[in-house]
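One letter stands for each residue in the lines below.
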Amino acid sequence: MPFLQRYLPFWAANLVDRLWVILVPIIAVLVPLGRAVPALYRWRVRSRVFRWVRAPEADQVALEENPGPQVLEDMLKRLDDTERAVNQIPTPLAYAENLYFFREHVDVVRRRIARRLSRESPATGPAAIPMHASEGGR
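In this text, all values refer to a predicted model and were calculated from it rather than measured experimentally.

Rules used throughout
- Residues numbered from 1 in each chain as written.
- Predicted model: local features only at pLDDT ≥ 70, side-chain atom pairs only at ≥ 80, totals over all residues.
- Heavy atoms only, no water.
- Core = buried A, V, L, I, M, F, W, Y, C linked by side-chain atoms within 4.5 Å.
- Buried < 20%, exposed > 50% of the residue type's maximum accessible area, 1.4 Å probe, protein only.
- Helix = DSSP H or I, 4+ residues; strand = E, 2+ residues; numbered from the N terminus.
- Contact = heavy atoms within 4.5 Å.
- Arc of directions from axis to C-beta.

Caption draft 1: Just the nonpolar core, in detail. Among the nonpolar cores identified, the biggest contains 15 residues, and Leu72, Phe102 and Ile113 are the most heavily contacted of them. Secondary-structure elements contributing two or more residues to this core are helix H4 (69-87) and helix H5 (96-120). For this core, the leading source of residues is H5, giving six residues. Those residues in contact with Leu72 that lie beyond four places of it in its chain are Leu63, Pro67, Ile113, Arg116, Leu117 and Glu120.

Below is the structure:
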């Protein structure tokens, strides 16, 4: 008498025998997926923020070309718009560090633009540079 039929009724032993044939391939597929899904989730959450990183990087490269005051003001406006959009991205608390790194990068570029603007217009001085949401008031 088969092992399972000694302890289970015939219909249950037969069902368990057939389930092994189905469960082995399912387990063979689920184990790799169990490892891939967290990595895919991590990539998806990070890509929400990293998609916006190009904007401050482009402004940083454009600063090397010595743009005029109007272009610098446009850069500041783009940085503000970018930061505002990124602040609206829903991010789990475990991945909030990506947002903080992005905001720090935006602040660094914003400070460089502000320094360049203060050099471009010495008559008005630094008081003429508008205060942005990420500066001061935090």
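Read on for the rest.
Caption draft 2: Focus on unusual backbone geometry. Of note in the backbone geometry, Asn66 takes a positive phi value of approximately 50° without being a glycine. By secondary structure assignment, the location of Asn66 is in the loop between helix H3 (54-63) and H4.

Caption draft 3: Spotlight on H3. Here H3 has its buried residues at Pro56, Asp59 and Leu63. An end-on view of H3 places all buried positions within 60° of arc, on one side of the element. Of the residues in H3, the exposed ones pointing more than 90 degrees away from the buried face are Arg54 and Val61. Its buried side turned inward, H3 meets H4 and H5.

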